[in-house]
Amino acid sequence: MTRNYTGKEVQQIIDIILEEADVSIDKAYKEGYKQATVELQPEIEYWKTLYETRSEHTMKENLRFIMIGFGAGFIVGGISGLSIGFNIPIN
């Protein structure tokens, strides 16, 4: 037995199918996201620990490089100033 559907009934059926597809896709996405989060947890912890370790050392290294740069600039500037001062005759 075949049944003839009206255009309105066909549109309602299509709307129901599309709505159920959207719900199914959202559910599958959320489940996949949860699974990926669980699988990547060790890697996330590794990168987090590495970042925290680097950020602690970064302040110490920055201060060290600032002091080295300041000292080197002071020495080079002093030597340059003295050598220029000795070469310029003052009358």
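Before reading further, recall that the structure is shown in the block above.
Residues numbered from 1 in each chain as written. Predicted model: local features only at pLDDT ≥ 70, side-chain atom pairs only at ≥ 80, totals over all residues. Heavy atoms only, no water.

As for the packing of aromatic side chains
Heads up, the condition is: Pairing of aromatic side chains here covers Phe, Tyr and the six-membered ring of Trp, requires ring centres within 6.5 Å, and sorts the geometry by plane angle: under 30 degrees stacked, over 60 edge-to-face, intermediate tilted. Only protein chains enter the calculation, and the probe is 1.4 Å; a residue is then buried if its accessible area is under 20% of its type maximum, exposed if over 50%, and partly exposed in between. Here, over-ring charges are defined by two tests on the NZ atom of lysine or the CZ atom of arginine: distance to the ring centre within 6 Å, and angle to the ring normal within 35 degrees.
Counted under the stated rule, the structure contains one aromatic pair. Both rings, one in Tyr 46 and one in Trp 47, keep their centres 5.1 Å apart while their planes meet at 75 degrees; by these two values the pair is edge-to-face. Taking the relative accessible area as the measure of exposure, Tyr 46 reaches 48% and is therefore partly exposed. It is Arg 64 that lies over the ring of Phe 65; its NZ or CZ is 4.9 Å from the centre.

Notes on the pattern of salt bridges
Pairs can form between side chains of opposite charge whenever their charged atoms are close. Short version of the rule: Salt bridges are counted wherever a side-chain nitrogen of Lys or Arg sits within 4 Å of a carboxyl oxygen of Asp or Glu.
Applying the stated criterion across every chain, the model contains one salt bridge. Arg 3 is paired through a salt bridge with Glu 9; the nearest N and O atoms lie 3.6 Å apart. According to the relative accessible area criterion, Arg 3 is exposed, its value standing at 55%. Residue Glu 9 is classed as partly exposed on the basis of its relative accessible area, which comes to 26%.

Here we look at a nonpolar patch on the surface
Going by this rule: The patch calculation keeps residues exceeding 30% relative accessible area without a salt bridge and links them within 9 Å when they carry like charges or within 5 Å when they are nonpolar (Val, Leu, Ile, Met, Phe, Trp, Tyr). For the accessible areas, the method is Shrake-Rupley and the probe is 1.4 Å, while residue cover comes only from the protein chains on display. A run of H or I in DSSP becomes a helix once it reaches four residues, and a run of E becomes a strand once it reaches two; helices and strands are each numbered from the N terminus.
A cluster of nonpolar side chains, namely Tyr 5, Val 10, Ile 13, Ile 14, Ile 17 and Leu 18, defines an oily patch on the protein surface of about 550 Å² accessible area. For Ile 17, the location among the structural elements is in helix 1 (residues 7-87). Looking at Ile 17, the relative accessible area reads 52%, which means it is exposed.

Some words on the environment of Lys 30
Secondary-structure assignment places Lys 30 in helix 1. With relative accessibility at 55%, the residue Lys 30 sits in the exposed group. Residues Lys 30 and Arg 64, spaced 34 residues apart in sequence, show a C-alpha to C-alpha distance of 47 Å.

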